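Single-letter residue listing:
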Amino acid sequence: MTTSLAGVAASSATLRAFLHGLPGVDRVGADQRAAMLGTRSIKTTAKAQAIDLAISMVDLTTLEGADTRGKVRALCTKAKHPGEGAPRVAAVCVYPDLVPVAVEALAGSGVKVASVATAFPSGRTSLEVKVADTALAVAAGADEIDMVIDRGAFLSGDYLKVFEEIVAVKAACGEAHLKVILETGELATYDNVRRASWLAMLAGGDFIKTSTGKVSPAATLPVTLVMLEAVRDFRDQTGRQVGVKPAGGIRTTKDAIKNLVLVNETAGDDWLSPDWFRLGASSLLNDLLMQRQKLATGRYAGPDYFTLD
């Protein structure tokens, strides 16, 4: 944190003053700009490159109560080898108890193991449990932790509590990267999305993530736009780059490419890398592979041609 921001979280009052002093978001303007950028058309060679880039940014995710060790192993196999000639995905995201399975299945592949923690998806438990949950996932081999903020605390204005929890979880991550899930569908306003984004970055988050995928609306283009503006402005002010991960509701190649255009036009091409931009998804990968094959062969393959996620 730069000197100018070093005292921002010195007290509840200073943190509130800073967050509420951020420029307000023009909702109509954000909606219109996101809609306009979403109409950009990408063809042929550029589209093929965009599809492969999107595949490389996918956090292939399974977060269901019925998840099994076999399902995770199958997902890891697909993550390493999505399709003929296709790049591997960025990460596989699972519940903490399945981290050892993913670590074993992905060993030496370059695909990261991500795990949700901190009482996902509600975030409603004690700080001690959140820290323990994180530490156990990291000890099991997780490269990345996706934590959820306490939206109740945030919406009631207890920003310092949220800040301190992120700081504590970040410390428990050790060398693992921390993605902070804002659950934007529950934040109600774009101003709140901007404030939560800055709060997460000030507390040390390596990524800010839209959603758990369990609440609707999830990763809308305007919300992702607001978060991309936040990471851009944060780097301008502090010199530290933070990644963005939209998750939830991104199901088609068209959705993925709209997000890539949004990144390029809002934050810049420095963020067009799996190191700085991820797509959290479970069903997106198959559509990307279908569109990839269509470009290569001129023919669509049915969804049954690819393994089910």
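These figures come from a predicted structure and were not determined experimentally.

Reading the values: the criteria
Residues numbered from 1 in each chain as written. Predicted model: local features only at pLDDT ≥ 70, side-chain atom pairs only at ≥ 80, totals over all residues. Heavy atoms only, no water. Phe/Tyr/Trp six-rings, centres within 6.5 Å; stacked < 30°, edge-to-face > 60°. Helix = DSSP H or I, 4+ residues; strand = E, 2+ residues; numbered from the N terminus. Buried < 20%, exposed > 50% of the residue type's maximum accessible area, 1.4 Å probe, protein only. Lys NZ or Arg CZ within 6 Å of the ring centre and 35° of its normal. Pairing = 2+ DSSP bridges. Right-handed = clockwise from strand over helix to strand, strands pointing away. Core = buried A, V, L, I, M, F, W, Y, C linked by side-chain atoms within 4.5 Å. Contact = heavy atoms within 4.5 Å. Axes fitted to C-alpha atoms, helices over the stretch in contact; angles between N-to-C directions. Left-handed = near helix turned anticlockwise from the far one by under 90°. Nonpolar A, V, L, I, M, F, W, Y, C, P; charged D, E, K, R; others polar. Salt bridge = Lys/Arg side-chain N within 4 Å of Asp/Glu carboxyl O.

A. Expanded view of the packing of aromatic side chains. Throughout the structure, instances matching the rule amount to four aromatic pairs. Centroid distance Y95 to F120: 6.1 Å. Interplanar angle 75 degrees. Geometry classified as edge-to-face. Here the residue Y95 occupies a position in the loop between strand 2 (91–94) and helix 5 (99–106), and F120 occupies one in the loop between strand 3 (112–116) and helix 6 (127–139), the gap between them amounting to 25 residues. With a relative accessible area of 21%, Y95 lands in the partly exposed category. Among the residues examined, F120 registers a relative accessible area of 11% and is labelled buried. When the ring centre of Y190 is taken as reference, the NZ or CZ atom of R27 above it lies at 3.9 Å.

B. Structural detail: the pairing of strand 3. Buried residues dominate strand 3, accounting for four of its five residues. Note that strand 2 and strand 3 share four bridges and pair parallel. Bridge pairing links V92 to V113 in strand 3. As for the winding sense of the linkage, the β-α-β connection from strand 2 through helix 5 to strand 3 is right-handed. With three bridges connecting them, strand 3 and strand 4 (residues 144–148) associate as parallel partners. For A114, the partnering residue across the bridge sits in strand 4 and is E144. Between the parallel pair strand 3 and strand 4, the chain is carried across by helix 6, and the sense of this crossover is right-handed.

C. Looking closely at the nonpolar core. In this structure, I166 and W198 are the most contacted members of the largest nonpolar core, which totals 90 residues. Per element, the largest residue contribution to this core is nine residues, and it comes from helix 10 (residues 221–238). The residues touching I166, leaving out its near neighbours within four places in the chain, are M147, I149, L178, V180, A200 and A203. Core analysis: the next-biggest nonpolar cluster, separate from the first, contains eight residues, C93, A114, V116 and I181 among them.

D. Molecular detail of the pairing of strand 5 (residues 177–181). Most of strand 5 sits out of view: four of its five residues are buried. Alignment of strand 4 against strand 5, held across five bridges, turns out to be parallel. By the bridge assignment, V148 is partnered in strand 5 with I181. Bridge count for strand 5 against strand 6 (residues 207–209) is three bridges, and the pairing is parallel. Pairing of K179 across the sheet is with F207, part of strand 6.

E. Spotlight on the sheet that holds strand 3. With parallel pairing, eight strands are arranged side by side in an open sheet as 7-6-5-4-3-2-1-8. The open sheet has two edge strands with one neighbour each: strand 7 (243–245) and strand 8 (279–281). Neighbour-to-neighbour, the strand axes of this sheet turn through a mean angle of 25 degrees, independent of strand direction. Helix 5 contacts strand 2 and strand 3 of the sheet and is inclined by roughly 170 degrees relative to strand 3.

F. Up close: the packing of helix 2 (residues 27–37) against helix 11 (residues 253–266). Taken N-terminus to C-terminus, the directions of helix 2 and helix 11 make an angle of 115 degrees; their axes are 9 Å apart at the nearest point. Where helix 2 crosses over helix 11, the two elements pack in a sense that is right-handed. From helix 2, R33, A34 and L37 reach across to helix 11, where they touch V261, L262, E265 and T266. Classifying every residue of the contact of helix 2 with helix 11 gives four nonpolar, one polar and two charged.

G. Quick peek at unusual backbone geometry. Note the cis peptide between F120 and P121, where omega equals 0 degrees. For P121, the position within the fold is in the loop between strand 3 and helix 6. Across the junction of S216 and P217, the peptide omega takes the value 0 degrees, indicating a cis bond. With respect to the element layout, P217 can be found in the loop between strand 6 and helix 10.

H. Spatial organisation of the pattern of salt bridges. As enumerated under the stated definition, the model contains 20 salt bridges in all. With a closest N to O distance of 2.8 Å, E144 and R278 form a salt bridge. A residue pair is termed long-range when its members are at least 10 positions apart, and E144 in strand 4 and R278 in the loop between helix 11 and strand 8 qualify at 134 residues. In this structure, E144 and R278 share a single accessibility class: buried. Its salt-bridge partner being D146, residue K245 comes within 3.0 Å of it at the nearest N-O pair. With K245 in strand 7 and D146 in strand 4, this pair connects stretches of sequence that are 99 residues apart. Taken as a pair, K245 and D146 share a single burial class, namely buried. Each of the salt bridges in this network shares a partner with another, and the network as a whole consists of D59, E144, D146, K179, K209, K245 and R278.

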